[in-house]
Amino acid sequence: MKKPHPLPLSRRERGGGQRQKKGLLVVVSAASGAGKSTLCRRLMRHRKNLIFSVSVTTRLPRPGEKDGEDYFFVSEAAFQAMRGRKELVEWAKVHDHFYGTPKHFLDRMRAQGKDVLLDLDVQGALAVKKHFPEAVLIFIRTPKFSDLERRLRSRSSETEAEIRRRLQTARRELRFAHRYDYQVINDEIPKAEKRLDKILKIETNKHK
Ligand code: 5GP
């Protein structure tokens, strides 16, 4: 016997209706020195609905960095305890330190319809995409690889060994750029910011 055709679900049953629309999940990755932090800060200044996801890390704060704003700076024991309690959406070891994305904040902000911006390394970005296929992955790069080295040296906050290590990581991470939804060249900050802004507009309109 032919199975009766199921009735289409109502809007409410589909989860539509009056429910708050979830915000965008935007993941940005780049090699250190590519201008990612500056771009993220400028973008958030203009897009009031875009909130930064503050990660937890075991590395020490750099001069000027604030606990709870740039990162939550925690001990390794505290980090592992969070991992154990499954409080992190993803985590990674980058340059000898642990970094992780707290789940609670992400869920809460998105449920309120806020767009969330995550600054993650490649492992983290791909893990988030696996978890949340709707996440928008953006890879920021400099026009030439040599620009990275120049920028890293000019900010002089790292030792020579650290610079070399960061360049090595950058070379490795660049190989994953094609797996991102978008790649943005940071030739000039205002231009790159406009490109990012346009991407967020496109993605917001997609989900309207
Ligand atoms: P930095 O120490 O320069 O602030 O960050 C080093 C790297 O760690 C950057 O590539 C940054 O994107 C990445 N990172 C920061 N927070 C997280 C996180 O929560 N998870 C992952 N996977 N990477 C992160």
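Analysis parameters
- Residues numbered from 1 in each chain as written.
- Predicted model: local features only at pLDDT ≥ 70, side-chain atom pairs only at ≥ 80, totals over all residues.
- Heavy atoms only, no water.
- 1 Å grid on protein atoms, 1.4 Å probe; cavity = no way out; pocket = protein on both sides within 12 Å on 5 of 7 lines; lining within 4 Å.
- Points joined across faces, edges and corners; volume = space filled by probe spheres on them.
- Helix = DSSP H or I, 4+ residues; strand = E, 2+ residues; numbered from the N terminus.
- Buried < 20%, exposed > 50% of the residue type's maximum accessible area, 1.4 Å probe, protein only.
- Axes fitted to C-alpha atoms, helices over the stretch in contact; angles between N-to-C directions.
- Parallel < 35°, antiparallel > 145°, perpendicular 65-115°, else oblique.
- Left-handed = near helix turned anticlockwise from the far one by under 90°.
- Contact = heavy atoms within 4.5 Å.
- Nonpolar A, V, L, I, M, F, W, Y, C, P; charged D, E, K, R; others polar.
- Expected span 1.5 Å × (residues − 1).
- Salt bridge = Lys/Arg side-chain N within 4 Å of Asp/Glu carboxyl O.
- Pairing = 2+ DSSP bridges.
- pLDDT = per-residue confidence, 0-100.

A word on the layout of surface pockets
Reasoning step 1: Taken as a whole, the largest pocket spans an internal volume of roughly 1,400 Å³.
Reasoning step 2: Surrounding the largest pocket, 43 residues form its lining, S37, R62, E65, Y71 and D119 being those nearest its centre.
Reasoning step 3: Here the lining of the largest pocket takes 6 residues from helix α1 (residues 36–46), the largest share from any one element.

Quick look at unusual backbone geometry
Reasoning step 1: The residue K86 is not glycine, and still its phi comes out positive at about 55 degrees.
Reasoning step 2: Counting through the fold element by element, K86 comes out in the loop between α2 (76–84) and β5 (88–94).
Reasoning step 3: Of the residues examined, K86 reaches a relative accessible area of 68% and is grouped as exposed.

Some words on the packing of helix α5 (residues 145–155) against helix α6 (residues 160–174)
Reasoning step 1: Their axes nearest at 11 Å, the elements α5 and α6 cross at an angle of 150 degrees. Between α5 and α6, the crossing angle belongs to the class labelled roughly antiparallel. Crossing handedness for the pair α5 and α6: right-handed. Across the interface between the two elements, F145, L148, E149, L152, R153 and R155 from α5 touch E160, I163, R166, L167, A170, R171 and L174 from α6.
Reasoning step 2: When grouped by side-chain class, the residues that make up the contact of α5 with α6 number 7 nonpolar, no polar and 6 charged.

Some points on α6
Reasoning step 1: Compared with an ideal rise of 1.5 Å per residue, which puts 15 residues at 21 Å, α6 spans 21 Å between its outermost C-alpha atoms and is within 8% of the ideal.
Reasoning step 2: Next to the buried residues of α6 lie β1 (25–30), α4 (122–131), β8 (136–141) and α5.

Thoughts on the pattern of salt bridges
Reasoning step 1: What the rule picks out here adds up to 20 salt bridges.
Reasoning step 2: With its nearest N and O atoms 2.9 Å apart, the salt bridge here joins R47 to D197. Here R47, found in the loop between α1 and β2 (50–52), pairs with D197, found in helix α7 (residues 189–206); they are 150 residues apart in sequence, far enough to count as distant. This pair shows no difference in class: R47 is buried, exactly as D197 is.
Reasoning step 3: Within this structure, D96, E162, R165 and R166 form a network of salt bridges that share partners.

Considering the sheet that holds β1
Reasoning step 1: Across the sheet, which stays open at both edges, the 5 strands sit in the order β2-β7-β1-β8-β9 with parallel pairing between neighbours. At either end of the open sheet lies a strand with only one pairing partner, and these are β2 and β9 (182–185). Sheet twist, expressed as the average angle between the axes of neighbouring strands with direction ignored, equals 25 degrees.
Reasoning step 2: Judged from the 4 bridges that link them, β8 and β9 form a sheet pairing that is parallel. When the bridges of β9 are listed, F139 appears paired with Q183.

Quick word on the confidence of the model for the protein
Reasoning step 1: Confidence in the prediction of the protein, expressed as mean pLDDT, is 88, and 90% of residues score 70 or more.
Reasoning step 2: Low pLDDT (under 50) marks residues 1–17, which in the prediction has 3 contacts with non-local residues, meaning those over four places away or in another chain.

Looking at the sheet that holds β5
Sheets are built from strands paired through backbone hydrogen bonds, the pairs being either parallel or antiparallel.
Reasoning step 1: Pairing is mixed across the open sheet formed by 4 strands, whose spatial order is β4-β3-β6-β5. Of all strands in the sheet, those bounded by a partner on one side alone are β4 (71–73) and β5. Across this sheet, the average inter-strand angle for adjacent strands is 25 degrees, counted without regard to direction.
Reasoning step 2: Across the sheet, helix α3 (residues 103–111) touches β5 and β6 (97–102), and the angle it forms with β6 is around 30 degrees.

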